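Chain residues, written in single-letter form:
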Amino acid sequence: MKKVFQMFSAVLAVLLLVFSYIFIPGNFTAKADPGLRVLNWDIESRLNSDGSVDITEDITYEFSDSFNGVFREIGTNDTGGITGLQAYQISGEGSQELKLVESARNGDSGVYEIISERGSETVKIYFPSKDEVRTFRIAYRVMDVAVRYNDTGEFFYNYLGEGNETRVDKLKVSLTLPGGISDPGVRIYAHGPEGCDIRFGADSILLNAVGVEPGKLIAARVLFPPGYIGQSMNEVNKNAFDDIVEEENRYASDIIFRNNVSLYGSISMALLGTALFVLSIVRFRRKKRYNPEDYYSIFPEECTPAVVKMLFSNGLTTTDILATLLDLNRKGYLTIAQTEEDFEIASAKEPDGSLLEHEKFFLSWIIDSAGDGRSVTLGAIRDQAKYNAAEFGEHFKTWSTLVKDEAAARGYLDETGKKFGVPMLAFSLIAMISGFIFTGMGSLFGLLSAAIGLALLVQSLIIINRRSDKGEIMRKRWKAFRQYIRKSDVGDHMDMYLIYSLALGVNSKTLRKYRLKISDEYASNGSYYWIYWYIILTNSEGGNPFDDSINTAFGETAVPSTGSGGAASGGGGGAGGGGTGGF
């Protein structure tokens, strides 16, 4: 299962990166501060006959944390710049004009700076606040915003840019035109998130938006008779009315198309994913199940501790190396002796036909490759693992593969699971990523598609690493055997039964109850009795010097060490922009 979780973690990390890229606007530029939000943002704007626009903004902030003040960044791209900027603090007692200074420090109050940068002017208001609501007013004129064409005038202004960092609960914009709004040549268009509403008022154009998240653009595009801005020097000698109307109509059509794609795409992916999930359950349902009454022997079968471990996990650890060493000692192929400062493992007899392939390889790895062909110390293993880690790791990998091959040869693994699971895994990733994209396009059904994709991802990883019916039955039989070891007395079969307890996660503390049952013969002939090394050497606190040395020796490699435990949509264009936040 370790490989499954590693794969799952890697996939999840990629998906989170994709999700972040999609949902954090402006390539990670908007960083919402949870301690600050805008309750109300009222903007009054008046277009002048020279193409400039006078803007007054009343912004009500709610401070739920400590701040030195707030800032308002005003975009100046495609404009003639800003003039006459003033800042006020609004309270129940009226308005207090703030003082413009060249430089201020955190902790100052009632002053503001204007920071000019390419493409923006930032008003930085110093007014320490904490756990309170404050309203500030900013008034200014933006020069040369409107453009005068031969057949129309155009006002295209971003009242709120994609770089805004703060959530806005309610945004209200009013725009007054120099010639009024009753002329049939006046057209209005809104660019912003879904729910952004723009309409004609009594004598002005009104734009409203609710729940504007950070990074969302709010813009108004208004067409009117060119005589409204007859004094404007920002003129273009061409007809533009039809092109602008066509562009906006195309833009509206794109929004409708995108909404349909996101809606029906999300629903389609969710339905396909659900069908695939149900199909996988039907296709891989268990046809044979474990029934304890069908088995009269508590001992499932004699194989090796490493093969048993494959029924519970796709990966082997130092615990399984220890169990294999002790099992080969039990079978008489290895001897174990304790020297003054180390432990020595020696060959007792040549491998024969009674051993499985992974056991033969293990003996060659430990005695021949790590040792001198006759014996090896744990210190020598540790040194080789440290200084020749690549080769040592390859040996461990080969041994693990041979163990898995043995499990497959016994019919424990379901190889057909990969043929179904791999395409299912690919589809799950497509469903999740497309779900995130559809959600970003405005369809909440995208979240359903992403959720079903996640369920398919988990299901596919389970299917890819699925055990056969026989393997599942054997796993449950070994689980029952583990319970037997923990609760019962193994009696005359202690030597063989207990060796499998290591792979099953039965730790040394549980095995201590067998200490008194072990005869003096085990202690006096410890070289050939594995129980001595694992049980007799275990102290009252559960420590075991041989077990600790194994973990230390093999822990120098990439071999996992576990000890002896168990197992409306946006839209670009327009002048202005910017946003607000706290500091």
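Residues numbered from 1 in each chain as written. Predicted model: local features only at pLDDT ≥ 70, side-chain atom pairs only at ≥ 80, totals over all residues. Heavy atoms only, no water.

**Remarks on the overall build of the protein chain**
So, step 1. Assigned secondary structure in the protein chain consists of 17 helices and 19 strands.
So, step 2. Evaluated residue by residue, the protein chain yields a buried proportion of 49% over its 583 residues.
So, step 3. Accessible surface for the protein chain amounts to roughly 27500 Å². Of this, 51% is attributable to carbon and sulfur atoms. (Helix = DSSP H or I, 4+ residues; strand = E, 2+ residues; numbered from the N terminus. Buried < 20%, exposed > 50% of the residue type's maximum accessible area, 1.4 Å probe, protein only. Areas by Shrake-Rupley, 256 points an atom, 1.4 Å probe, with all protein chains shown as cover.)

**So, a nonpolar patch on the surface**
So, step 1. Together, L454, V458 and I462 make up an exposed nonpolar region whose accessible area comes to about 220 Å².
So, step 2. Its location among the elements puts L454 in helix 10 (residues 445-464). (Patch = residues over 30% accessible without salt bridge, like charges linked within 9 Å, V, L, I, M, F, W, Y side chains within 5 Å. Salt bridge = Lys/Arg side-chain N within 4 Å of Asp/Glu carboxyl O.)

**What to know about the packing of aromatic side chains**
So, step 1. Under the criterion given, the structure shown has 21 aromatic pairs.
So, step 2. Here F155 and Y157 contribute two aromatic rings whose centre-to-centre distance is 5.9 Å and whose plane-to-plane angle is 25°, an arrangement assigned as stacked.
So, step 3. Grouped by ring-pair contacts, the aromatic residues Y61, F63, F67, F127 and F136 constitute a single cluster.
So, step 4. Sitting over the face of the ring of F284, R283 holds its NZ or CZ atom 4.6 Å from the ring centroid. (Phe/Tyr/Trp six-rings, centres within 6.5 Å; stacked < 30°, edge-to-face > 60°. Lys NZ or Arg CZ within 6 Å of the ring centre and 35° of its normal.)

**Re unusual backbone geometry**
So, step 1. Of note, D78 is a non-glycine position whose phi angle comes to about 60°, a positive value.
So, step 2. Note that D78 resides in the loop between strand 2 (53-75) and strand 3 (82-91).
So, step 3. Backbone geometry at D131 places phi at a positive 50°, although glycine is not the residue there.
So, step 4. Counting through the fold element by element, D131 comes out in strand 7 (residues 120-142).
So, step 5. On the accessibility criterion, D131 (55% relative accessible area) is exposed.

**Digging into the confidence of the model for the protein chain**
So, step 1. A residue-level look at the protein chain finds 81% of positions with pLDDT of 70 or above and a mean pLDDT of 81.
So, step 2. Note that residues 1-5 has pLDDT below 50 and, in this model, eight contacts with residues that lie over four places away or in other chains.
So, step 3. Low pLDDT, under 50, characterises residues 563-570; the predicted model gives this stretch 28 contacts beyond four residues in sequence or across chains. (pLDDT = per-residue confidence, 0-100. Contact = heavy atoms within 4.5 Å.)

**So, the pattern of salt bridges**
So, step 1. Per the stated rule, a full pass over the model turns up 29 salt bridges.
So, step 2. The partner of E213 in a salt bridge is R167, with the nearest N and O atoms 2.4 Å apart. Within this pair, whereas E213 is found in the loop between strand 13 (205-212) and strand 14 (218-224), its partner R167 is found in the loop between strand 9 (153-160) and strand 10 (168-176), the two being separated by 46 residues in sequence.
So, step 3. Two residues, R410 and E301, come together in a salt bridge whose shortest N-O distance is 3.4 Å.

**A word on the packing of helix 3 (residues 241-283) against helix 10**
So, step 1. Packing of helix 3 against helix 10 brings their axes to within 8 Å, and their N-to-C directions diverge by 25°. By the angle class used here, helix 3 and helix 10 are roughly parallel. Considering how the two elements wind past one another, helix 3 and helix 10 form a crossing that is left-handed. Along the contact surface, helix 3 presents L263, S266, I267, M269, A270, G273, T274, L276, F277, S280 and I281, while helix 10 presents F445, G446, L448, S449, I452, A455, L456, Q459 and I463.
So, step 2. Partitioning the contact of helix 3 with helix 10 into residue classes produces 13 nonpolar, seven polar and no charged. (Axes fitted to C-alpha atoms, helices over the stretch in contact; angles between N-to-C directions. Parallel < 35°, antiparallel > 145°, perpendicular 65-115°, else oblique. Left-handed = near helix turned anticlockwise from the far one by under 90°. Nonpolar A, V, L, I, M, F, W, Y, C, P; charged D, E, K, R; others polar.)

**Details of the pairing of strand 3**
Residues in a regular strand project their side chains so that they alternate between the two faces of the sheet.
So, step 1. Bridge count between strand 3 and strand 7: seven bridges; the pairing is antiparallel. Paired with Q89 across the bridge in strand 7 is F136.
So, step 2. Both strand 3 and strand 4 (residues 94-97) contribute to a ladder of four bridges, which runs antiparallel. Of the residues in strand 4, the one forming a bridge with S91 is G94.
So, step 3. The hairpin turn running from strand 3 into strand 4, its antiparallel successor, is two residues long. (Pairing = 2+ DSSP bridges.)

**Regarding the sheet that holds strand 15 (residues 334-338)**
So, step 1. One open sheet holds the three strands; their spatial order is 15-16-17, and the pairing between them is antiparallel. Edge positions in the sheet fall to strand 15 and strand 17 (375-377), since each of these pairs with one other strand and no more. Sheet twist, expressed as the mean angle between neighbouring strand axes with direction ignored, is 20°.
So, step 2. By the bridge criterion, five bridges tie strand 15 to strand 16 (residues 343-347) in an arrangement that is antiparallel. Residue pairing for strand 16: L334 is matched across the bridge by S347.
So, step 3. Strand contacts of helix 5 (residues 318-330): strand 15 and strand 16, with the helix running at about 110° to strand 15, the strand carrying the most contacts.

**Regarding the environment of G453**
So, step 1. Along the chain, G453 falls in helix 10.
So, step 2. For the pair formed by G453 and F277, sequence separation is 176 residues and the distance between their alpha carbons is 9.5 Å.
So, step 3. Leaving out residues up to four positions away in the same chain, G453 has contacts with S428, A431 and M432.

**Overview of the side chain of S45**
So, step 1. Considering the arrangement of structural elements, one finds S45 in strand 1 (residues 36-47).
So, step 2. Within the local environment of S45, its side chain forms a polar contact with the side chain of Y159, the two groups lying 2.9 Å apart.
So, step 3. A distance of 2.7 Å separates a polar atom in the side chain of S45 from the backbone oxygen of S174. (Polar contact = N/O pair within 3.5 Å; in protein donor to acceptor, adjacent residues only side chain to side chain.)

**Details of the nonpolar core**
So, step 1. Within the largest apolar cluster, 52 residues are counted, with the highest numbers of intra-cluster contacts made by W365, W399 and W478.
So, step 2. Among the elements that line this core, the one with the most residues is helix 5, at six residues.
So, step 3. Of all hydrophobic cores here, the second largest spans 51 residues; its members include V38, I43, A87 and A220. (Core = buried A, V, L, I, M, F, W, Y, C linked by side-chain atoms within 4.5 Å.)

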